[in-house]
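Below are the chains, spelled out letter by letter.
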Amino acid sequence: MKNYCTILFIGIGVLLIGCKEKSKEIKTAEKKVEFNQELANELQKMVEIDQVAAYIPQGKYKELTEEEKRLQEIFNQNGFAGYDLAGEEGSKNFWLMVQHSDHNPTFQKQVLEKMKIEVDRKNAKPSNYGLLVDRVNLNTGKAQIYGTQVRYNMNTGQAYPKKLEDSINVNKRRKSIGLEPIETYLNSMSEMHFEMNKDNYMKKGISEPKLYKTE
């Protein structure tokens, strides 16, 4: 009987420890994050520079090193900037700059892991998460999942997805994160690309882009 009680006591002790640790995890996860207007404003200014950077030749990209460092600092301090911390616009701005960090796929992947946590908490936009998933996969040699990254047929103006996993079920995956059917998306990308390069296409005798059939 004595041995039985000892074993039972140890079992209860382990159980109690386990409950205590679990409780601690829950409290940490539910810790209230206060909205940071100063950070939201900073992210707005940073994304404005980021948009300019998209048109800067790669040789000059080193001029933006300080902005990149700051983005890393914000991530190290806060993880992914969700709605609660930076508002919907601020969260979008943070995501957009990470999305454009193709030269640093390791950083993109780190952010992606934290962003998934916020998406599950409904504290970040699922469709933006899907866009980053595709970006990270392609930047690390894998196939994309949602078909958000595209190339163009320069003879027809039609967009088509870069390397894509399981294309048959892609629309199911897209729907699960709030994205429209891939045919609709590719048609939008085709039309936008055509308008941006209209003069070149017109010289080839192409007056409109080739589009996919939609339901």
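Please read these numbers as outputs of a predicted model, since none were measured by experiment.

Examining helix H5 (residues 105-120)
Structurally, the α-helix is built with 3.6 residues per turn, so residues lying three or four positions apart point the same way. Look at H5: 22 Å from first C-alpha to last across 16 residues, which is about the 22 Å you get at 1.5 Å a residue. Listed as buried for H5 are Phe 107, Gln 108, Val 111, Leu 112, Met 115, Glu 118 and Val 119.

Some details on helix H8 (residues 182-196)
Compared with the 21 Å implied by 1.5 Å per residue over 15 residues, the 21 Å span of H8 between its first and last C-alpha is a close match. Residues of H8 that are buried include every one of Ile 182, Tyr 185, Leu 186, Asn 187, Met 189, Ser 190, His 193 and Phe 194, and no others.

A word on the side chain of Gln 144
Along the chain, the position of Gln 144 falls in the loop between helix H6 (126-139) and strand E1 (150-152). A residue is classified by how much of its surface remains accessible, and Gln 144, at 0% relative accessible area, is buried. Within polar-contact distance, the side chain of Gln 144 engages the backbone oxygen of Gln 149 at 2.9 Å.

Brief notes about the nonpolar core
Counting residues in each nonpolar core, the largest one holds 31 residues, and the members touching the most others are Leu 43, Phe 94, Val 111, Met 115 and Leu 132. The set of elements that each furnish at least two residues to this core consists of helix H2 (37-53), helix H3 (65-78), helix H4 (83-99), H5 and H6. Sorting elements by how many residues they give to this core places H4 first, with seven residues. Residue contacts for Met 115: discarding those within four places in its chain leaves Phe 80, Trp 95, Ala 124, Lys 125, Asn 128, Tyr 129 and Leu 132. Grouped together as the second largest cluster of nonpolar side chains are seven residues, Val 150, Ala 159, Ile 182 and Tyr 185 included.

Focus on the pattern of salt bridges
A full pass over the atoms with the stated rule returns nine salt bridges. Residue Glu 66 pairs with Lys 69 through a salt bridge whose shortest N-O separation is 3.9 Å. Remark: Lys 69 and Glu 66 occur in helix H3; sequence separation between them is three residues, near one turn of the helix. Taking the relative accessible area as the measure of exposure, Glu 66 reaches 54% and is therefore exposed. Among the ionic pairs, Glu 180 bridges to Arg 174, the shortest N-O distance being 3.5 Å. With a relative accessible area of 0%, Arg 174 lands in the buried category.

Cut-offs applied
Residues numbered from 1 in each chain as written. Predicted model: local features only at pLDDT ≥ 70, side-chain atom pairs only at ≥ 80, totals over all residues. Heavy atoms only, no water. Helix = DSSP H or I, 4+ residues; strand = E, 2+ residues; numbered from the N terminus. Expected span 1.5 Å × (residues − 1). Buried < 20%, exposed > 50% of the residue type's maximum accessible area, 1.4 Å probe, protein only. Polar contact = N/O pair within 3.5 Å; in protein donor to acceptor, adjacent residues only side chain to side chain. Core = buried A, V, L, I, M, F, W, Y, C linked by side-chain atoms within 4.5 Å. Contact = heavy atoms within 4.5 Å. Salt bridge = Lys/Arg side-chain N within 4 Å of Asp/Glu carboxyl O.

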